[in-house]
2 protein chains.
Amino acid sequence: MHFEEAYQIIRDHIAAQELDEARKVLGEFQPADIAEFVENLPVHEIGPILNLLSPETAGEVINQLDAELAGDVLSDMGEEKTGAIIDEMYSDDVADILGEMTDPEKDKILSLMGQEDAIEVRELLEFKEDTAGGIMTTEYVAILQNITAERAIQVIRETAPDAETVYYVYVINDKNQLVGVISLRELIIANPKTLIEDIMHHKVKSVNVHMDQEEVAAMVAKYDFLAIPVVDDDQSLMGIITVDDVIDVIHEEASEDIYRLAGTAEVDFEDALWKRIWMAVRNRLPWLLVTLLGGFLAGGIIRGLEKEIQTVVALSYFIPLLTGMGGNVGTQSSTLAVRGLATGQIDAGKMLKTVGTAALIGIGVGLICGLIVTVMAFLWQKSLLLGLVVGISLCVNMITASTMGTFVPLVLKRFGVDPAVASAPFISTTIDITGLLIYAGLSSVFIKWLV
Amino acid sequence: MHFEEAYQIIRDHIAAQELDEARKVLGEFQPADIAEFVENLPVHEIGPILNLLSPETAGEVINQLDAELAGDVLSDMGEEKTGAIIDEMYSDDVADILGEMTDPEKDKILSLMGQEDAIEVRELLEFKEDTAGGIMTTEYVAILQNITAERAIQVIRETAPDAETVYYVYVINDKNQLVGVISLRELIIANPKTLIEDIMHHKVKSVNVHMDQEEVAAMVAKYDFLAIPVVDDDQSLMGIITVDDVIDVIHEEASEDIYRLAGTAEVDFEDALWKRIWMAVRNRLPWLLVTLLGGFLAGGIIRGLEKEIQTVVALSYFIPLLTGMGGNVGTQSSTLAVRGLATGQIDAGKMLKTVGTAALIGIGVGLICGLIVTVMAFLWQKSLLLGLVVGISLCVNMITASTMGTFVPLVLKRFGVDPAVASAPFISTTIDITGLLIYAGLSSVFIKWLV
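Note that the structure is a prediction, hence the values are computed from the model and not measured.

## With respect to the overall build of chain A
Inference 1: Scanning chain A for helices and strands turns up 22 helices and six strands.
Inference 2: Its C-alpha atoms give chain A a radius of gyration of 30 Å, more than 25% over the compact-globule value 22 Å for 451 residues.
Inference 3: Summarising its shape, the C-alpha atoms of chain A cover approximately 95 × 60 × 40 Å along the three principal directions.
Inference 4: Taking all 451 residues of chain A together, the buried fraction comes to 53%.
Inference 5: Considering only intrachain contacts with a sequence separation of at least 6, the fraction spanning at least 24 residues in chain A is 67%.
Inference 6: In the structure as shown, chain A presents an accessible area of about 20000 Å², 55% of it carried by carbon and sulfur atoms.
Inference 7: Side-chain charges in chain A split into 30 positive and 67 negative, and the spacing between the mean points of these groups amounts to 12 Å.

Structure follows, in structure tokens:
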């Protein structure tokens, strides 16, 4: 049964006050499925559904919603229920939702939380959204290094009622500094009287609270971790980042790179239509204005060819071909370079080798396409020389495009700039200009024989 | 200490036959760190390093290497050591490596394995690489539904010595069909005499063995699972897919989309230089040839403007501007559409709304850029009419580009074609042509007043 059908039945049950029946139907679905459906309902219809669930499950549903919608739903649900749900949620998820709220809304939700929890969430709100601190949760299991295995198990039972979510137990010293890690299984099979520090692993990978989330994700992916501890500059344990949040980061960062490559940015699909259009226009204009300026520069180059075009108007026929091909080769190369740098397949240090390979690829595609164009232009315009001018220009342009499309992202990376700013608009505009310069040069040299 | 320094020390120890010393230095590093360093060494230098490690750790290092290199290293290491390492590796990882080998190499490795393991790996090799079957592992923990909790724990102890990797215990019936799931913790706190079928969860999400890996990854990400069971058409349990493999799939699929958008494909950086160049040329040529044909079509349109250009040569100055701007707006729109469809933010069903929004954005950027170009062209060429012809053409072109760039991926998706084939080369070439048609139309209407 799809949730859509189920929803009709649930609504009828609610209307008839048959809450247990409604609950039974709802119980057949996973929180993620419920979230996927209710996010398309009006806010005031979501509350009654969540009211049927336990606070824990309701919290899981809310956690799957867009942070802004989640805030609206919580604000709509009444203090008692909201308080109960928030109590069951992880601090990082609560902080994500509060981050989208106005200060009075935020304070109202915080006032519903226990004092200690509220302080934790307030602290999380201080970290930048895209750092380790911004995605970590403060619900982790840590034990002191100088207690016994027996005592440790007792501490874990008390502090972590949901023991199946405990993959790693982190070990701290009395200054709260991370000093080791141990698995639950190792703890259970250890002699009860052994001290933790004698059986723990001393090598424990951690990330600094200010580390960029992209680096954190890369590390978790590299080591196949299920969670990684977060420490501050003094090695004090601050929280943990779990693999499900890392998956979200990987999606987010891939999207960011893709949009940046196209010279645009993500639009928040939850926004109102007019706001979305305005944001989209604002995101796209900068690169479009660069292209526009480039277009006038290109026009200036063609103007330098004025006499030649008036004599041999056919020279103008090949302008879109030249700029189009150059732009495409350049975009292909810059895309491969930017993604290769992001995934670590291209090493920014080996610049000469990488750019050299790109040049060889440019020569390959340039020779093939240049030859085809020479023949086609000759057949069309019955002038071998015109064909050669166009074909050679195209070939040189494609080699330049392939080389530059690879070179620019590598240089940006080396200077610490995000290589994805070498976007398609930037690369193709630059290459339009160099391509036309080559074409104008060759044309003006050969014009006397072209007439 | 970086691994590079450590490697010098380790090599000196190996040369001096001080293997225990070498082992101690190596022991400070995680398998992933060792893998990252050794993948740049010649194959015959990797074996001696792995020989210092336990077969289990050596297996983890090999698992982090590129599958092709991993095969070369294993082939180079001698039968006994290779057999010991392979024994410790998961069947899916072994299958990945064997998938890159020639048949005789493959058979040699399989002959070193236990018969049962070899059969499992052979079976895995039958599945397509990018399906659930291609990424699943056969090392999972399953128990029968009609045994007691006590007996179940005993079975798990026997079959899963590494109990910390057991997050979920799957429950099957006597036909090996997946019927439930239970957590290790639930099993431990249950009454020892209870039957599993009375305490297990009956709702268990699974994927079919032929499901595309992208769908599997989306499902694991959606439900925040650490692993998902794989079943065949009869609901028979075949294996599990763990979250670390899902992360690899997410990276892979994002890269694939990015490359396809640029009209190219990934190049295997492990290949020899000439092979890499040849593959790159082959990947890129198809879309370049499409662009090339488009370029001749565009040339044909300009040829239709021959008379007008000979009279007002300035008309040719604005060709790169028009095609460049149209291409960029189109690429931006198609990128947003393709990624939005991939992440589920755009619903292919709401075509009218999505395309309508794109048209409005096109009107926004089109009006702004059209106005700027009208003014600039007027100032440059001292002809308001020419400015208006260029400006209006640009505006209409940008609206078309934004609409088409969004429309094409949505249509492709609806017809079940990967929307990412609406690549930058395809979109920008199509838009070059429509843009020039608009320009040619307006120019030929207004030419009598332009002279």
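Further notes follow.
## With respect to the environment of B:Glu158
Inference 1: Here B:Glu158 lies in helix H12 (residues 149-159).
Inference 2: It is 63 Å that separates the C-alpha atoms of B:Glu158 and B:Ala401, two residues lying 243 residues apart in sequence.

## What to know about the relation of the copies chain B and chain A
Inference 1: Mapping chain B onto chain A calls for a rotation angle of 180° and an axial translation of 0.1 Å; the resulting RMSD is 0.1 Å. Viewed as a symmetry operation, the transformation between the two copies matches a two-fold axis. Every residue of chain B has its C-alpha some distance from the rotation axis, and the shortest such distance is that of B:Gln310, at 2.7 Å.
Inference 2: By residue overlap, the copies meet face to face through one surface: 98% of the interface positions of chain B are interface positions in chain A.

## What about the interface of chain B and chain A?
Inference 1: Counting residues at the interface gives 105 residues for chain B and 104 residues for chain A.
Inference 2: By the criterion of area lost to chain A, the three top residues of chain B are B:Arg284, B:Phe296 and B:Gln332, representing 8% of everything that side buries.
Inference 3: On the surface where chain B and chain A come into contact, there are six salt bridges.
Inference 4: With its nearest N and O atoms 3.1 Å apart, the salt bridge here joins A:Asp33 to B:Lys222.
Inference 5: For the interface between chain B and chain A, the tally reads 24 residue pairs in polar contact (both at pLDDT 80 or more).
Inference 6: Among the elements that take part in the side of chain B that touches chain A, helix H17 (residues 273-304) of chain B stands out by supplying 20 residues, more than any other.
Inference 7: Residue composition of the side of chain B that touches chain A, by class: 58 nonpolar, 30 polar and 17 charged.

## Quick notes on the domain arrangement of chain A
Inference 1: Along its sequence, chain A is carved into domain 1 (3-126), domain 2 (142-244) and domain 3 (273-450).
Inference 2: Look at where the C-alpha atoms of domain 1 of chain A and domain 2 of chain A centre, and you get two points 30 Å apart.

## Section: the UniProt feature "transmembrane region" (unreviewed entry) in chain A
Inference 1: What UniProt calls "transmembrane region" (unreviewed entry) maps, in this numbering, to residues 285-305, 317-338, 358-380, 386-412 and 424-447 of chain A.
Inference 2: Across residues 358-380 of chain A one finds 100% helix and 0% strand; the C-alpha atoms that close the span lie 32 Å apart.

## Description of the environment of B:Pro192
Residues and elements named next belong to chain B.
Inference 1: Within the fold, Pro-192 resides in the loop between helix H13 (184-189) and helix H14 (196-199).
Inference 2: With 48 residues separating them in the primary sequence, Pro-192 and Leu-144 have C-alpha atoms 15 Å apart.
Inference 3: Setting aside residues no more than four positions away along its own chain, Pro-192 makes contact with Thr-148, Ala-149 and Glu-150.

## Examining the sheet that holds strand S1 (residues 142-144) of chain A
Residues and elements named next belong to chain A.
Inference 1: Reading across the sheet, the three strands line up as S1-S2-S3 and stay open at both edges, with mixed pairing between neighbours. Here the strands that pair on one side only, and so sit at the sheet edges, are S1 and strand S3 (178-183). The mean inter-strand angle of the sheet, taken between neighbouring strand axes irrespective of direction, is 35°.
Inference 2: Judged from the five bridges that link them, strand S2 (residues 168-172) and S3 form a sheet pairing that is antiparallel. Residue pairing in the sheet places Tyr-168 in a bridge with Ser-183 of S3.

## Considerations on the packing of helix H19 (residues 319-343) of chain B against helix H21 (residues 384-414) of chain B
Residues and elements named next belong to chain B.
Inference 1: Contact pair H19 / H21: the axes reach a minimum separation of 8 Å and the direction vectors enclose 25°. Accordingly, the angle class assigned to the pair H19 and H21 is roughly parallel. Crossing hand, H19 versus H21: right-handed. Contact residues: H19 offers Leu-321, Leu-322, Met-325, Gly-326, Val-329, Gly-330, Ser-333, Ser-334, Ala-337, Val-338 and Leu-341, while H21 offers Val-390, Ser-393, Leu-394, Asn-397, Met-398, Ala-401, Ser-402, Gly-405, Thr-406, Pro-409, Leu-410 and Lys-413.
Inference 2: Class assignment for the residues of the contact of H19 with H21 results in 13 nonpolar, nine polar and one charged.

## Some words on unusual backbone geometry
Inference 1: Phi at A:Asp224 is positive, roughly 55°, even though this residue is not glycine.
Inference 2: Here A:Asp224 is to be found in the loop between helix H15 (213-223) and strand S5 (227-231).
Inference 3: The exposure class of A:Asp224 is partly exposed, given its relative accessible area of 29%.
Inference 4: The phi dihedral of B:Gln17 is positive, around 65°, even though this residue is not glycine.

## Section: the confidence of the model for chain A
Low-confidence regions, as indicated by low pLDDT, have predicted coordinates that should not be scrutinised in detail.
Inference 1: Summing up the model confidence of chain A, the mean pLDDT is 87 and the portion of residues at 70 or higher is 97%.
Inference 2: Here helix H13 (residues 184-189) of chain A stands out as the least confident element of chain A, with mean pLDDT 77; strand S4 (residues 207-208) of chain A is the most confident, with 96.

## Quick word on the UniProt feature "domain: CBS" (unreviewed entry) in chain A
Inference 1: Mapped onto this numbering, the UniProt entry annotates "domain: CBS" (unreviewed entry) at residues 136-199 and 200-256 of chain A.
Inference 2: Annotated as residues 200-256 of chain A, this span is 44% helix and 23% strand, and its ends, taken at the C-alpha atoms, are 39 Å apart.

Definitions and limits used
- Residues numbered from 1 in each chain as written.
- Chains lettered and ligands numbered in written order.
- Predicted model: local features only at pLDDT ≥ 70, side-chain atom pairs only at ≥ 80, totals over all residues.
- Heavy atoms only, no water.
- Helix = DSSP H or I, 4+ residues; strand = E, 2+ residues; numbered from the N terminus.
- Rg over C-alpha atoms; globule rule 2.2 N^0.38 Å.
- Buried < 20%, exposed > 50% of the residue type's maximum accessible area, 1.4 Å probe, protein only.
- Contact = heavy atoms within 4.5 Å.
- Areas by Shrake-Rupley, 256 points an atom, 1.4 Å probe, with all protein chains shown as cover.
- Lys, Arg positive; Asp, Glu negative; His and termini not counted.
- Charge placed at Lys NZ, Arg CZ, Asp CG, Glu CD.
- Least-squares fit on C-alpha atoms with pLDDT ≥ 70 in both.
- Buried area = accessible area lost by both parts, 1.4 Å probe.
- Salt bridge = Lys/Arg side-chain N within 4 Å of Asp/Glu carboxyl O.
- Polar contact = N/O pair within 3.5 Å; in protein donor to acceptor, adjacent residues only side chain to side chain.
- Nonpolar A, V, L, I, M, F, W, Y, C, P; charged D, E, K, R; others polar.
- Domains from an automatic or database assignment.
- UniProt positions renumbered as here; feature names shortened; annotations may be inferred.
- Pairing = 2+ DSSP bridges.
- Axes fitted to C-alpha atoms, helices over the stretch in contact; angles between N-to-C directions.
- Parallel < 35°, antiparallel > 145°, perpendicular 65-115°, else oblique.
- Left-handed = near helix turned anticlockwise from the far one by under 90°.
- pLDDT = per-residue confidence, 0-100.

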